[in-house]
Amino acid sequence: MNKSLTEIKTICCIGAGYVGGPTMAVIADRCPKIQVTVVDLNESRIAAWNDQNLNNLPVYEPGLDQVVNRARGRNLHFSTEVDESIAAADMVFISVNTPTKTKGLGSGQASDLRWVEACARQVALCAQGHTIVVEKSTLPVRTAETVKAILQAAQQPQADNQPPKSFVVLSNPEFLAEGTAIKDLESPDRVLIGGEDANAIDALANIYSAWVPKEKILRTNLWSSELSKLSANAFLAQRISSINSVAALCEVTGADVNEVAKAIGTDSRIGPKFLNAGPGFGGSCFQKDILNLVYLCRYFGLPEVADYWQNVVTLNTWQQHRIARLVVKSLFGTVTGKRLALFGFAFKADTNDTREAPAIQIAKDLIEEGAQLAIHDPKVEAEQITNDLQLDASPPPDQASGPSKAALGGEGTWWPSTNISDAVRGADAVLILTEWQQFREIDWDKIAPLMRQPAWVFDARSVVDPSAVLGAGLKLWRVGDGAT
Ligand code: UDX
Ligand code: ADP
């Protein structure tokens, strides 16, 4: 590609995950003249993206199947041929995982950039001619410096009279939320492009302008773009910790957090969104990005700023333990050997993603206390729950023969339950942790007789109709509700 050209014909996206897959599907759908190839080292993931049965796509997002169906095979391709796809591309998106480091320097806080670095090296090696490299993964500020340094080394004169290579690095963070990914991609609040090279920025802006109004495409320098993503997530997470802190106060003062949220949200400066109290935020981004911010603040000698953001995470973890503790306390101080139906394992509704889901910590706490959990989620597979809890599922207890040996021995267990009635049979409590629509529609009059009395409903998402639960003779705790 000529360095001054702003028309992109071929895109390669490295990483076919929650971000890369849906983002590239929408770009391909909206820009039929651009050939888009999404590559990944994970063969089974690529096979799933290529599966003829659209129910088997590796990411569940409402509307994604239709988008993939329109573009796949036409100008959207999923492949494991990383090197070839990079070589053919005018523009390469890096959309790989950047989890929190688990060991070494910055362990528990800093992002692990080994996959990003590996990608940069791969691009340096395989790219041909002029290539625009776009950081799509959420990255610590100044990561572009690392990527640039690796690419620059490859710009040196090539052996064997190979044509010279050149690179430009842009930052284009993705703000999509899971469960609404397609909607967010098709009508984003804004698209952010950070960089120094006007031609390259134009080339990327031209792609988005196929469907995004021009005034929503923001241009910044590289570092502002990288920092904006971390800051946006930190602000959003902070709102959730703020409302959850108010919820705890509501419960002891007789106030109702839903009423408080409405009252404060009508102030146009505060706004009504992201004020739902719950079991704490989950997802792959919020905790990771805040910890990353905390690490950066300490690195740059700003310990007070680091402590400020750290508290957002601390309160979130506290909320999860608090909910597990109050379940135990309400059930006469012990859940050992008791059956509890846990509804919802995904970190929020309309996704099968369980990364950092509050259900993981809450379930672990209850299992530690010896509970027998029937876990029901409409989209999360049993295998995923096993991985998250680091505990194999037990066979469901047999009603006729009573509690299992493990249960009598006080050992906590869990089993997957595919339907609501099976999950609640013989249970002392239902604990709602994800706001799936199904849970709003539960007929409590039918459920109550199946449970062991006195039975509880713990609604950590405020989705039930309190009068229906109480009317069915069940006891109720709702997050942030000091009135029940
Ligand atoms: C988030 C950001 O919204 C998105 O812009 C960024 O690109 C990635 O991180 P995501 O993690 O997919 O997206 O989900 P989001 O809808 O933001 O929810 C995050 C968590 O906060 C969920 O666990 C959700 O249940 C919780 N939440 C959200 C609340 O508890 N209350 C709310 O009012 C909103
Ligand atoms: P995200 O939520 O950011 O999309 P995921 O973990 O869902 O993150 O997806 C990241 C994907 O990137 C994974 O499927 C992983 O296999 C892939 N990946 C990581 N490193 C490389 C690499 N060097 N080359 C190709 N794919 C990679």
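Note that the structure is predicted; figures quoted are calculated from it, not measured.

The rules behind the values
- Residues numbered from 1 in each chain as written.
- Chains lettered and ligands numbered in written order.
- Predicted model: local features only at pLDDT ≥ 70, side-chain atom pairs only at ≥ 80, totals over all residues.
- Heavy atoms only, no water.
- Salt bridge = Lys/Arg side-chain N within 4 Å of Asp/Glu carboxyl O.
- Helix = DSSP H or I, 4+ residues; strand = E, 2+ residues; numbered from the N terminus.
- Buried < 20%, exposed > 50% of the residue type's maximum accessible area, 1.4 Å probe, protein only.
- Near = heavy atom within 4 Å.
- Polar contact = N/O pair within 3.5 Å; in protein donor to acceptor, adjacent residues only side chain to side chain.
- Areas by Shrake-Rupley, 256 points an atom, 1.4 Å probe, with all protein chains shown as cover.
- Nonpolar A, V, L, I, M, F, W, Y, C, P; charged D, E, K, R; others polar.
- Axes fitted to C-alpha atoms, helices over the stretch in contact; angles between N-to-C directions.
- Parallel < 35°, antiparallel > 145°, perpendicular 65-115°, else oblique.
- Left-handed = near helix turned anticlockwise from the far one by under 90°.
- Contact = heavy atoms within 4.5 Å.
- Pairing = 2+ DSSP bridges.
- Right-handed = clockwise from strand over helix to strand, strands pointing away.
- Domains from an automatic or database assignment.
- Buried area = accessible area lost by both parts, 1.4 Å probe.
- Expected span 1.5 Å × (residues − 1).

**Quick look at the pattern of salt bridges**
Scanning the entire structure with this criterion turns up 17 salt bridges. E251 is the salt-bridge partner of R322, the closest N and O atoms lying 2.8 Å from each other. Here R322, found in helix α12 (residues 303-330), pairs with E251, found in helix α9 (residues 222-253); they are 71 residues apart in sequence, far enough to count as distant. This pair shows no difference in class: R322 is buried, exactly as E251 is. Between D481 and R478 there is a salt bridge whose closest N-O contact spans 3.0 Å. With respect to burial, D481 and R478 carry one shared label: buried. When salt bridges that share partners are traced, they join E178, D353 and R355 into one network.

**Focus: the site of ligand 1**
Inspection of the region around ligand 1 gives 19 residues, with F175, E178, N276, K348 and R461 positioned closest. Here E174 contributes a backbone N or O atom positioned 3.3 Å from an oxygen atom of ligand 1. R461 places a polar side-chain atom, nitrogen or oxygen, 2.8 Å from an oxygen atom of ligand 1. If ligand 1 stood free it would expose 660 Å²; the protein chains cover 91% of that surface. Here the element with the most residues in the shell around ligand 1 is α9; it accounts for 4 residues. Across the shell around ligand 1, the residue classes tally to 11 nonpolar, 3 polar and 5 charged.

**Section: the packing of α9 against helix α10 (residues 257-265)**
It is the contact of α9 with α10, at a shortest axis distance of 9 Å, that shows an interaxial angle of 135°. In terms of orientation, α9 and α10 fall into the oblique class. Like other packed secondary-structure pairs, α9 and α10 cross with a definite hand, here right-handed. Counting all contacts with α9, which are made through I243, V246, A247 and C250, the residues of α10 involved are V257, V260, A261 and I264. Classifying every residue of the contact of α9 with α10 by side-chain character gives 8 nonpolar, no polar and no charged.

**Side note on the site of ligand 2**
Looking at ligand 2, there are 15 residues lining it, with Y18, V19, D40, R45 and R355 nearest. Y18 has a polar backbone atom sitting 3.1 Å from an oxygen atom of ligand 2. Interatomic distance of 2.9 Å between a backbone N/O atom of V19 and an oxygen atom of ligand 2. For ligand 2, whose free accessible area comes to 580 Å², the fraction covered by protein is 85%. Residues of the shell around ligand 2, tallied by class, amount to 7 nonpolar, 5 polar and 3 charged.

**A few points about the pairing of strand β9 (residues 339-343)**
Of all 5 residues making up β9, 5 are buried, and the element is well covered by its neighbours. The side-chain alternation of β9 yields two buried faces, one formed by R339, A341 and F343 and the other by L340 and L342. Alignment of β9 against strand β10 (residues 372-376), held across 5 bridges, turns out to be parallel. Residue R339 lies in a different strand from β10, and its bridge partner there is Q372. Following the chain from β9 across helix α13 (residues 358-368) to the adjacent parallel β10, one finds a crossover that is right-handed. Sheet analysis places β9 next to strand β12 (residues 429-432), joined by 4 bridges and oriented parallel.

**Regarding the domain arrangement of the protein**
Taken domain by domain, the protein consists of domain 1 (3-220) and domain 2 (221-484). Centre-to-centre separation of domain 1 and domain 2, based on C-alpha positions: 33 Å. Regarding the contact of domain 1 and domain 2, the summed buried area is about 2800 Å², with carbon and sulfur atoms giving 55% of it. Area buried by domain 1 at its contact with domain 2 is led by Y60, Q109 and E178, which between them contribute 25% of it. Between the two partners, domain 1 and domain 2, sit 1 salt bridge. Between R355 and E178 there is a salt bridge, and its shortest N-O distance comes to 3.5 Å. At the boundary of domain 1 and domain 2, one finds 12 residue pairs in polar contact (both at pLDDT 80 or more). Elements represented by at least two residues in the side of domain 1 that touches domain 2 include exactly α6 (143-154), β6 (166-171) and β7 (191-194).

**Some details on helix α5 (residues 114-126)**
Between its terminal C-alpha atoms α5 stretches 18 Å, which fits the 18 Å expected from 13 residues at 1.5 Å a residue. Among the residues making up α5, those that are buried are V116, C119, A120, V123, A124 and C126. The secondary structure elements touched by the buried residues of α5 are β1 (10-14), α4 (82-88), β4 (91-94), β5 (130-135), α6 and β6.

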